[in-house]
Amino acid sequence: MWLYIMAVNILAFSFMGIDKRRARAGLRRIPERSLFMTAIAGGVFGIWIGMYTFRHKTRKRAFVVGVPLLALLFLVIVLQM
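Residues numbered from 1 in each chain as written. Predicted model: local features only at pLDDT ≥ 70, side-chain atom pairs only at ≥ 80, totals over all residues. Heavy atoms only, no water.

Caption draft 1: Quick peek at the environment of Arg-61. On the secondary structure map, Arg-61 appears in helix α3 (residues 61–80). Spatially, the C-alpha atom of Arg-61 lies 19 Å from that of Arg-29, the residues being 32 residues apart in sequence. (Helix = DSSP H or I, 4+ residues; strand = E, 2+ residues; numbered from the N terminus.)

Caption draft 2: Geometry of the nonpolar core. The biggest cluster of nonpolar side chains holds 15 residues, and the ones touching the most others in it are Leu-35, Val-44, Ile-47, Met-51, Phe-63 and Val-67. Residue assignment for this core shows that the elements contributing at least two residues are α1 (2–25), α2 (32–53) and α3. Here this core gets 6 residues from one element, more than from any other, and that element is α2. When residues no more than four places from it in sequence are discounted, the contact partners of Ile-47 are Ala-12, Phe-13, Met-16, Leu-35, Ala-39 and Val-67. (Core = buried A, V, L, I, M, F, W, Y, C linked by side-chain atoms within 4.5 Å. Buried < 20%, exposed > 50% of the residue type's maximum accessible area, 1.4 Å probe, protein only. Contact = heavy atoms within 4.5 Å.)

Caption draft 3: Summary view of the pattern of salt bridges. By the definition in use, this model includes 3 salt bridges. For Glu-32, the salt bridge is made with Lys-57, and the minimal N-O distance between the two is 3.0 Å. With a gap of 25 residues between them, Glu-32 in helix α2 and Lys-57 in the loop between α2 and α3 connect regions that are remote in the sequence. On the basis of relative accessibility, which here comes to 29%, the residue Glu-32 falls in the partly exposed class. A salt bridge links Glu-32 to Lys-60; the shortest N-O distance between them is 3.2 Å. Of the two residues, Glu-32 sits in helix α2 while Lys-60 sits in the loop between α2 and α3, which places them 28 residues apart along the sequence. (Salt bridge = Lys/Arg side-chain N within 4 Å of Asp/Glu carboxyl O.)

Right under this line is the structure:
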């Protein structure tokens, strides 16, 4: 399980960097829904760290509020296991 969580968080972090690079270049972007689904799949901390590392989606209320709430929910679920 921990290997999966590490892998999905690395993937989520990478998605944030890729999407930021694509945004700057004016290329096709990764949909926000895909970023949120990656977070829900266990990559919430990768998304959260990527937001501030790449300064990406930090003005989007859905991300600024939603990602920390998902992180809290994820911790509650994992601690129940």
